[in-house]
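# Observations on the model geometry
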Amino acid sequence: MAFLTEPGPIRGVAQQMLPGIRRIVAANPGVMTYHGTNTYLIDGPDGLTVLDPGPDDAAHVAAILDQAHGPIARILLSHTHHDHVGGLAALKAATGAPTYGFHFSALAEFAPDHKLHDGGSVAGWTAIHTPGHAADHLCFAGPDGVLFSADHVMGWSSSVVSPPNGDMAAYFASLERLLGREDRVYLPGHGPMITEPRPFVRDLLAHRQKREAAIEAALREAPKDTIGLVNALYSQVNPTLRRAAERNVIAHLQKLLAEGRARRDGELWRAA
């Protein structure tokens, strides 16, 4: 499928994305994070909402405080992966702002001050539970068709689904859920804004369905372990991404197992 690109960011400076919404990109670039984690500054009548404080990086937290241009009323968290939650403690200590996140935290050392359930509302944004990439993953939808899609849907890459916190069946269902919505633009956790989200989500789902079919076909040819499947299906992948590819394969296999379409025999997987 065709992914999106964008120029590298100016570090420490908030970029205007949409009216009332700015973005600071953390300096944690990499093969899993693109240019870095997107931290969003969202204007509101009672002050600023910060979505995803980013990694544990003092310079990034300082940039958030510098670019806020006013009081920070609250801190929202899309999910508890370290590149999104790492800077939260320092930002909360500096501002005293309460935190909001999914009511069940997948990170033992973090519990939000305000626990959000699916459909809950905060500062005019509706929380949408979208597990798959992470069990506690939330998207946030606004009344004007803007959706903060975090790491569930990103324009620059497909998401890694790594068990046990990641679940491929839940990822499929969460993509289907977004296809049932009419959001007009996505602001993801990494990479550029997605201005035609529904065709993009359809392509993401089709990409995963095609990969699943290829795994099932490979198992029908002969039993394989996860490395064998990675070698068969991801031969062109960047070597630094092979670990992520294997995690995705494991997630697909667990989905096939639960659906009675594959079975496990020690380290080998077979078609059911």
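Here's a quick rundown of the structure.

## Here's the deal with the pairing of strand 6 (residues 99–102)
Here strand 5 (residues 72–76) pairs with strand 6 via 2 bridges, running parallel. Residue Leu76 lies in a different strand from strand 6, and its bridge partner there is Tyr100. With 3 bridges connecting them, strand 6 and strand 7 (residues 114–116) associate as parallel partners. Within strand 7, the residue paired with Phe102 across the bridge is Leu116.

## Quick word on the side chain of Asp136
The residue Asp136 is located in the loop between strand 9 (125–129) and strand 10 (138–141) in this model. For the buried Asp136, no salt bridge exists, and the shortest N-O distance to an oppositely charged side chain is 12 Å, to Lys115. Side-chain polar atoms of Asp136 contact the side chain of Thr80, separated by 2.6 Å. Excluding residues that lie within four positions of it along the chain, Asp136 makes contacts with Ser78, His79, Thr80, Phe102, Phe104, Ser105, Ala106 and His129.

## A short note on the pattern of salt bridges
Considering all chains together, one arrives at 13 salt bridges under this definition. The shortest N-O distance in the salt bridge between Asp46 and Arg74 comes to 2.4 Å. Placement of Asp46 in the loop between strand 3 (38–42) and strand 4 (48–51) and of Arg74 in strand 5 is noted, with a sequence separation of 28 residues between them. Residue Arg74 is classed as buried on the basis of its relative accessible area, which comes to 9%. Between Glu259 and Arg261 there is a salt bridge, and its shortest N-O distance comes to 2.5 Å. Look at Arg261 and you get partly exposed, because its relative accessible area is 27%.

## Examining the sheet that holds strand 10
Sheet architecture is open: 5 strands sit in the order 8-9-10-11-12, paired in mixed fashion. In this open sheet, the two strands that pair with only one neighbour each are strand 8 (121–122) and strand 12 (185–188). Here strand 8 runs beside strand 9; their pairing, made up of 2 bridges, is antiparallel. What sits directly across from Val122, in strand 9, is Trp125.

## Side note on the sheet that holds strand 7
The mixed open sheet is built from 7 strands, whose spatial order is 1-2-3-4-5-6-7. Of all the strands in the sheet, the pair left with one neighbour each is strand 1 (15–18) and strand 7. Direction aside, the axes of adjacent strands within the sheet are offset by 25 degrees on average. One ladder, built from 4 bridges, connects strand 4 with strand 5; its direction is parallel. Note that in strand 5 the partner of Thr49 across the bridge is Arg74. Here helix 1 (residues 58–68) sits on the sheet in contact with strand 2 (21–25), strand 3, strand 4 and strand 5, set at roughly 155 degrees to strand 2. Packing against the sheet, helix 3 (residues 88–95) makes contact with strand 4, strand 5 and strand 6, and its axis sits at approximately 160 degrees to strand 5.

## Digging into the side chain of Asp183
Inspection of the secondary structure assignment puts Asp183 in the loop between helix 4 (168–179) and strand 12. Within the structure, Asp183 has its side chain in polar contact with the side chain of Arg181 (distance 2.7 Å). Non-local contacts of Asp183, meaning those with residues more than four positions away in its chain, are made with Ala141, Gly145, Leu147 and Pro197.

Definitions and cut-offs
- Along each chain, residue indices are assigned from 1 in the same order as the chain's sequence is written.
- Where local features are concerned, this predicted model is filtered to residues with pLDDT of at least 70; where side-chain atom pairs are given and counted, the filter is 80 or more; whole-chain, interface and lining totals use all residues.
- As a rule here, side-chain values come from all non-hydrogen atoms in the structure, and water together with hydrogens is ignored.
- Two strands qualify as a pair provided that DSSP identifies no fewer than 2 bridges between them.
- For helices the rule is a DSSP run of H or I covering at least 4 residues; for strands it is a run of E covering at least 2, with both sets numbered from the N terminus onward.
- Each residue's exposure class comes from its accessible area (1.4 Å probe, protein chains only) as a fraction of the maximum for that residue type: buried when under 20%, exposed when over 50%, partly exposed otherwise.
- Charged residues are defined narrowly, with Lys and Arg counted positive, Asp and Glu counted negative, and His plus the chain ends left uncounted.
- The term salt bridge refers to a pairing of a side-chain nitrogen on Lys or Arg with a carboxyl oxygen on Asp or Glu at a separation within 4 Å.
- Whenever two N or O atoms come within 3.5 Å, that pair is a polar contact, provided that in protein one can donate a hydrogen and the other can accept it, and provided that, for residues adjacent in sequence, both atoms are side-chain atoms.
- Any pair of residues with heavy atoms lying within 4.5 Å of one another is described as a contacting pair.
- Angles shown run from 0 to 180 degrees and are taken between the N-to-C directions of axes, each axis being a line fitted to C-alpha atoms and, for helices, limited to the stretch in contact.

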